[in-house]
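The lines below spell out each chain.
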Amino acid sequence: AQSVTQLGSHVSVSEGALVLLRCNYSSSVPPYLFWYVQYPNQGLQLLLKYTSAATLVKGINGFEAEFKKSETSFHLTKPSAHMSDAAEYFCAVSESGGSNYKLTFGKGTLLTVNP
Amino acid sequence: KAGVTQTPRYLIKTRGQQVTLSCSPISGHRSVSWYQQTPGQGLQFLFEYFSETQRNKGNFPGRFSGRQFSNSRSEMNVSTLELGDSALYLCASRASNWPDYEQYFGPGTRLTVT
């Protein structure tokens, strides 16, 4: 069964500092991996997805993530945090892209950006 | 292209009542999934519909049901509401062709059960 663990329910950084949000997954097959962001009172917005074509995935708003099979990790990074990055971030996995597709989410990491 | 829309955005119901939530997917998307988000359990998959057929279901009681219409719009119904059903219900749609398998989420319906 697929599962996702996000280390750290709350991460606080200063504006301009590196953002690192950790995600480890468990999957019995090569997974499909995603990062979503949720702003208050809104739905989820897709940041990036792992397609298996490249281990380093670039997304929107300057975020990127690296797929490391040996570590079963898919950590999200951004070189320089901006105040507008403050939100909750969710890592998600699906073992199938077809008829058995369903996302399993981590518990989320709340990112605070301090001025 | 318009995004996923959900109606209503907010809903207050009384325990024991039933509720129907509506979701309109992105044009051309044939798959619609529903998720429940609560502070305690996080985001949990409810079910997925594709071409009017439920093809995947999460671990929720039978009080939770859904359907999809020929235009891909979907509804979710919860009968005999319980206090624990208070949550944000998110609908997501996706295209069915590789590699566009990512899901796009609507803004959600905030259900409060009193």
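Everything here concerns the structure above.
The following paragraphs examine the structure supplied in this document. Remember, predicted model here, so these are calculated numbers, not experimental data. (Residues numbered from 1 in each chain as written. Chains lettered and ligands numbered in written order. Predicted model: local features only at pLDDT ≥ 70, side-chain atom pairs only at ≥ 80, totals over all residues. Heavy atoms only, no water.)

**Overview of the pattern of salt bridges**
In this structure the tally under the stated criterion is nine salt bridges over all chains. The residue Lys-78 of chain A makes a salt bridge to Asp-85 of chain A at a minimum N-O spacing of 2.8 Å. The same class applies to Lys-78 of chain A as to Asp-85 of chain A, namely buried. Among the charged side chains, a salt-bridge network with shared partners connects Glu-48, Arg-55 and Arg-94 of chain B. (Salt bridge = Lys/Arg side-chain N within 4 Å of Asp/Glu carboxyl O. Buried < 20%, exposed > 50% of the residue type's maximum accessible area, 1.4 Å probe, protein only.)

**Observations concerning unusual backbone geometry**
At the junction of Thr-7 of chain B and Pro-8 of chain B, the peptide bond is cis and its omega measures out at -10° in the coordinates. Even without being a glycine, Asn-61 of chain A presents a positive backbone phi close to 60°. Along the chain, Asn-61 of chain A falls in the loop between strand 6 (56-58) and strand 7 (64-68). (Helix = DSSP H or I, 4+ residues; strand = E, 2+ residues; numbered from the N terminus.)

**Focus: the sheet that holds strand 3 (residues 19-26) of chain A**
Within a beta sheet, neighbouring strands are joined by backbone hydrogen bonds and run either parallel or antiparallel to one another. All names here are of chain A. Taken in spatial order, the five strands make up an open sheet running 1-3-8-7-6, and their pairing is antiparallel. Taken across any chain shown, the strands that pair with only one partner, and hence form the sheet edges, are strand 1 (3-7) and strand 6. The average undirected angle you get between the axes of adjacent strands in this sheet is 20°. Sheet analysis places strand 6 next to strand 7, joined by three bridges and oriented antiparallel. Counterpart to Lys-58 in the pairing with strand 7 is Glu-64. (Pairing = 2+ DSSP bridges. Axes fitted to C-alpha atoms, helices over the stretch in contact; angles between N-to-C directions.)

**Some points on the sheet that holds strand 8 (residues 74-78) of chain B**
All names here are of chain B. Strand order in the open sheet formed by four strands is 1-3-8-7, with antiparallel pairing between adjacent strands. Two strands bound the open sheet, and with one partner strand each, they are strand 1 (5-7) and strand 7 (64-68). Pairwise comparison of adjacent strand axes, ignoring direction, gives a mean angle of 20° for this sheet. Sheet topology places strand 7 next to strand 8; five bridges connect them, and they run antiparallel. Bridged to Arg-67 within strand 8 is Glu-75.

**Side note on the environment of Asn-100 of chain A**
All names here are of chain A. Position of Asn-100 among the secondary structure elements: in the loop between strand 9 (87-94) and strand 10 (104-105). When its relative accessible area of 49% is taken as the criterion, Asn-100 is described as partly exposed. As a C-alpha pair, Asn-100 and Val-113 span 13 residues in sequence and 37 Å in three-dimensional space.

**Examining the nonpolar core**
Core analysis: the biggest nonpolar cluster contains 26 residues, and Trp-35, Leu-47, Leu-48, Phe-74, Leu-76 and Tyr-89 of chain A have the highest contact counts within it. Counting residues per element, the ones that place at least two in this core are strand 2 (10-14), strand 3, strand 4 (32-38), strand 5 (44-50), strand 7, strand 8 (73-78), strand 9 and strand 11 (109-114) of chain A. With sequence-adjacent residues up to four places away left out, Leu-76 of chain A is seen in contact with Val-19, Leu-20, Leu-21, Trp-35, Leu-47, Leu-48, Phe-63, Glu-64, Ala-65 and Tyr-89 of chain A. Among the nonpolar cores identified, the runner-up in size contains 21 residues, and Ile-26, Trp-34, Phe-47 and Val-113 of chain B belong to it. (Core = buried A, V, L, I, M, F, W, Y, C linked by side-chain atoms within 4.5 Å. Contact = heavy atoms within 4.5 Å.)

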